[in-house]
Amino acid sequence: MKKPVIGLTPAHDTDTGDLAMRSTYLKALSAADVIPVVLPLTLSPDGCEQMAETLDGFVFTGGPDPHPFLFGEETHRACGNVSSVRDTMELALLAAVLKTGKPVLGICRGIQIINVGLGGTIYQDILSQYSPNCGGPIAHRQPFAFHLPSHKVEVTAKSRLARICGCTALAVNSMHHQAVRDLAPSLSACAKAADGLIEGVEMGGHPWFLAVQWHPEHLWEQDEAAARLFQSFGDACRAGLS
């Protein structure tokens, strides 16, 4: 049987121009019985349209901070490095993919650039901008290995994420200093940390559109909910082949 082919947005070394992809993404998707392929950042808007028509699903992966100008802000002193090339390509790809209704999975930076691309904003730095967490107990940038969970999130009952994971509470890892602030109009929050920070979003009316702030690609081998997330994404991509 033909397997779905999934496009992934790559990491970008702004000093050398080199692209990279963590093997954890590739392994998690391959385990869901799909074929992951890494996309170039040189895609034009027309190229993004062609990829959206050609491929069966898309993963917007983790990476550097989106440029603050994209959501109308000056650069905060704690903002990190950006890749304008990646910002441009991902926003064009998101717009193209939405026209097709094909499955979309966002991870870490992925949830942030998706929210920005759809008209929302993000915290440029959680620690200094998000009041409930200033000096608070949750380490959104965990001090230990990525395959270990560091805090819990509450999943909205009856959401797509709750149906996929089969529960309304998840233990997740955490490797970010930015997060969703003002939610884009077309998205709804489906998971939040105990401090109220948005950790998951989905799009009602779309066949399969989900983005999370944590990194399930580091958890799926020992965490059933993370494995189900990739399997559900793969199943949705397979459904589009029929």
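Residues numbered from 1 in each chain as written. Predicted model: local features only at pLDDT ≥ 70, side-chain atom pairs only at ≥ 80, totals over all residues. Heavy atoms only, no water.

Caption draft 1: Layout of helix H4 (residues 109-117). Extensive coverage of H4 is indicated by the burial of eight of its nine residues. Where H4 is concerned, the buried positions are Arg109, Gly110, Ile111, Gln112, Ile113, Ile114, Asn115 and Val116. (Buried < 20%, exposed > 50% of the residue type's maximum accessible area, 1.4 Å probe, protein only. Helix = DSSP H or I, 4+ residues; strand = E, 2+ residues; numbered from the N terminus.)

Caption draft 2: Seen up close, the nonpolar core. Ranked by size, the top nonpolar core spans 34 residues in total, and within it Val59, Leu105, Leu161, Leu170, Trp214, Phe230 and Phe233 carry the most contacts. For this core, the element with the highest residue contribution is helix H7 (residues 224-239), accounting for six residues. When neighbours within four sequence positions are excluded, Leu170 is seen to be in contact with His151, Lys152, Val153, Val155, Cys165, Trp214 and Ala225. Counting 26 residues, the second largest nonpolar core, distinct from the first, contains Leu39, Cys48, Val97 and Val201. (Core = buried A, V, L, I, M, F, W, Y, C linked by side-chain atoms within 4.5 Å. Contact = heavy atoms within 4.5 Å.)

Caption draft 3: Representation of the packing of helix H3 (residues 84-100) against H4. The contact between H3 and H4 brings their axes to 10 Å, and the two run at 65°. As judged from the angle between their axes, H3 and H4 are roughly perpendicular. Relative to H4, the crossing made by H3 is right-handed. When H3 is examined against H4, the residues Arg86, Asp87, Glu90, Leu91 and Leu94 are found in contact with a partner set consisting of Arg109, Ile113, Ile114 and Gly117. (Axes fitted to C-alpha atoms, helices over the stretch in contact; angles between N-to-C directions. Parallel < 35°, antiparallel > 145°, perpendicular 65-115°, else oblique. Left-handed = near helix turned anticlockwise from the far one by under 90°.)

Caption draft 4: Highlighting the side chain of Arg109. Within the secondary structure layout, Arg109 lies in helix H4. The class for Arg109 is buried, based on a relative accessible area of 0%. In this view, Arg109 contacts Thr61, Gly62, Gly63, Pro64, Asp65, Pro66, Arg86, Asp87 and Glu90; residues no more than four positions away in its chain are not counted.

Caption draft 5: The pattern of salt bridges, seen in detail. Under the counting rule described, the total for this entry stands at seven salt bridges. With a shortest N-O distance of 3.1 Å, Lys3 and Asp33 are connected by a salt bridge. Here Lys3, found in the segment before strand S1 (5-8), pairs with Asp33, found in the loop between helix H1 (23-31) and strand S4 (35-38); they are 30 residues apart in sequence, far enough to count as distant. What makes Lys3 partly exposed here is its relative accessible area of 38%. Judged by its relative accessible area of 36%, Asp33 falls in the partly exposed class. Taken together, the salt bridges that share partners define one network made up of Arg86, Asp87, Glu90 and Arg109. (Salt bridge = Lys/Arg side-chain N within 4 Å of Asp/Glu carboxyl O.)

Worth remembering: the numbers are spatial, not functional.
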